[in-house]
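Structure assessment
Below, each chain spelled out in residue letters.
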Amino acid sequence: MIYTDKITLFTQGFCHLIDITDQVRGIIRKSKIKDGLVNVFIKGSTAAITTIEYEPNLIKDMQELIEKLVPQNKSYHHNQT
């Protein structure tokens, strides 16, 4: 059996992290499937899905790391096209 559903979210911009655990759990419950796999997919080239503990200090660490790797105020070639 395959069950498909959708979560629609809107971010607040650069480095906004959203915990989708409850939404995914709700979809699993709604599906009534007892055993199987959950595939979470995101469309778009500037978003990502990860598995981390959604804890305030870890969120700050992740945001600081992303800012170091991909500073938001830097000029990128991609932005010129």
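Our structure is the block above this text.
This text gives an overview of the structure that appears in the document. Note that this is a predicted model, so its numbers are computed, not measured. (Residues numbered from 1 in each chain as written. Predicted model: local features only at pLDDT ≥ 70, side-chain atom pairs only at ≥ 80, totals over all residues. Heavy atoms only, no water.)

Of note, Ile 20 is situated in the segment before helix H1 (21-31). For the pair Ile 20 and Phe 41, spaced 21 residues apart in sequence, the C-alpha to C-alpha distance is 12 Å. Discounting chain neighbours no more than four positions away, the residues touching Ile 20 are Leu 9 and Val 40. (Helix = DSSP H or I, 4+ residues; strand = E, 2+ residues; numbered from the N terminus. Contact = heavy atoms within 4.5 Å.)

Take the layout of surface pockets next. In this structure, the largest pocket spans a volume of roughly 2000 Å³. Taken together, 47 residues line the largest pocket, and the ones lying closest to its centre are Ile 20, Val 40, Ile 42, Ala 48 and Ile 49. When residues of the lining of the largest pocket are traced back to their parent elements, those giving at least two are H1 and helix H2 (56-69). The element that contributes the greatest number of residues to the lining of the largest pocket is H1, accounting for five residues. Its residues placed into classes, the lining of the largest pocket shows 28 nonpolar, 13 polar and six charged. (1 Å grid on protein atoms, 1.4 Å probe; cavity = no way out; pocket = protein on both sides within 12 Å on 5 of 7 lines; lining within 4 Å. Points joined across faces, edges and corners; volume = space filled by probe spheres on them. Nonpolar A, V, L, I, M, F, W, Y, C, P; charged D, E, K, R; others polar.)

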